[in-house]
Amino acid sequence: QDIRTAFPMEFPVSSFDLDLEAMRLMIRDLDAVADVSIQIRSGGVLEMLVTERVPVIVWKNRDTTDLLDAEGNRVASAQTRAAPAELPLIAGRGADGATAEALRLYAVARPLGERILGLVRMGERRWDVVLKSGQRILLPESQPEAALERVIALHQASDLLGRDVVSVDMRNPARPTVRMSETAVEEMRRKNEIAVKG
């Protein structure tokens, strides 16, 4: 449909009036097209072989929501083309340029299952994993997959993300930091006071 809309020609037309290279470049410029070859076959048949980009991730950036392929190329707007519900979500400025890393993080995060809401690109240099509970896992710029694996191991061993935790900060891999909610902090203070009095 996009090709038909963009095509400037009315058919039938003489093959002498066709600029195949210009047509190829025009079609290749469409977001959903990865590559195209055009030739005139015997009998005057115009043949186009189009390789379509396959959407693998949804990117929310300010006021737009786009579908991207594995290389971060825009396939279409999510408003004009329905996104499969199972596609992972990324957000933030520059997230499209780190699509491959985001897909690797999603693969690592598979044990978290339905807990994951999406990944947010922070400062165009690192990721936060945002969970549906509102919790965040702050990943470092280098080796984010290894940092996420550590958090998942902690969660599997001690139900870390099932506790009253606001965030797990892995930006300094030598010193991970867990931030508790105000309620959890108050409860800890109360227990410490009881222990001191006792």
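Look above for the structure.
An account of the accompanying structure is given in this report.

### Structural notes on the pairing of strand β3 (residues 57-61)
On any regular strand, side chains alternate: one points to one face of the sheet, the next to the other face.
Right, so step 1: Burial of β3 is extensive: four of the five residues sit out of reach of the surface.
Right, so step 2: Count of turn residues in the β3/strand β4 (residues 64-68) antiparallel hairpin: two residues, of which Arg62 carries a positive phi of about 55°.
Right, so step 3: The sheet contact formed by β3 and strand β6 (residues 89-91) spans three bridges and is parallel. Across the sheet, Val58 pairs through a bridge with Leu89, a residue of β6.

### A look at the packing of helix α3 (residues 99-108) against helix α4 (residues 144-158)
Right, so step 1: Relative to each other, α3 and α4 sit at 20°, their axes nearing to 10 Å. Compared by their axis directions, α3 and α4 come out roughly parallel. Both α3 and α4 take part in a crossing whose hand is right-handed. Within the contact between the two elements, α3 uses Glu101, Arg104, Leu105 and Val108 and α4 uses Pro144, Glu145, Leu148, Glu149 and Ile152.
Right, so step 2: For the contact of α3 with α4, a count of residues per class yields five nonpolar, no polar and four charged.

### Re the side chain of His155
Right, so step 1: With respect to the helices and strands, His155 occurs in helix α4.
Right, so step 2: Here His155 is in contact with Leu112, Arg115, Leu160, Leu161 and Gly162, once residues within four sequence places are set aside.

### Things to note about the sheet that holds strand β11 (residues 177-180)
Right, so step 1: Taken together, the nine strands give an open sheet; going across it, the order is β5-β4-β3-β6-β7-β8-β9-β10-β11, and neighbouring strands pair in mixed fashion. Two strands close off the open sheet at either side, each with one partner strand: β5 (74-77) and β11. Adjacent strand axes in the sheet meet at a mean angle of 25° when their direction is disregarded.
Right, so step 2: Sheet analysis places β6 next to strand β7 (residues 116-122), joined by two bridges and oriented parallel. Each bridged residue has a counterpart across the sheet, and for Ile90 the counterpart in β7 is Leu119.

Basis of the calculations
- Residues numbered from 1 in each chain as written.
- Predicted model: local features only at pLDDT ≥ 70, side-chain atom pairs only at ≥ 80, totals over all residues.
- Heavy atoms only, no water.
- Buried < 20%, exposed > 50% of the residue type's maximum accessible area, 1.4 Å probe, protein only.
- Helix = DSSP H or I, 4+ residues; strand = E, 2+ residues; numbered from the N terminus.
- Pairing = 2+ DSSP bridges.
- Axes fitted to C-alpha atoms, helices over the stretch in contact; angles between N-to-C directions.
- Parallel < 35°, antiparallel > 145°, perpendicular 65-115°, else oblique.
- Left-handed = near helix turned anticlockwise from the far one by under 90°.
- Contact = heavy atoms within 4.5 Å.
- Nonpolar A, V, L, I, M, F, W, Y, C, P; charged D, E, K, R; others polar.

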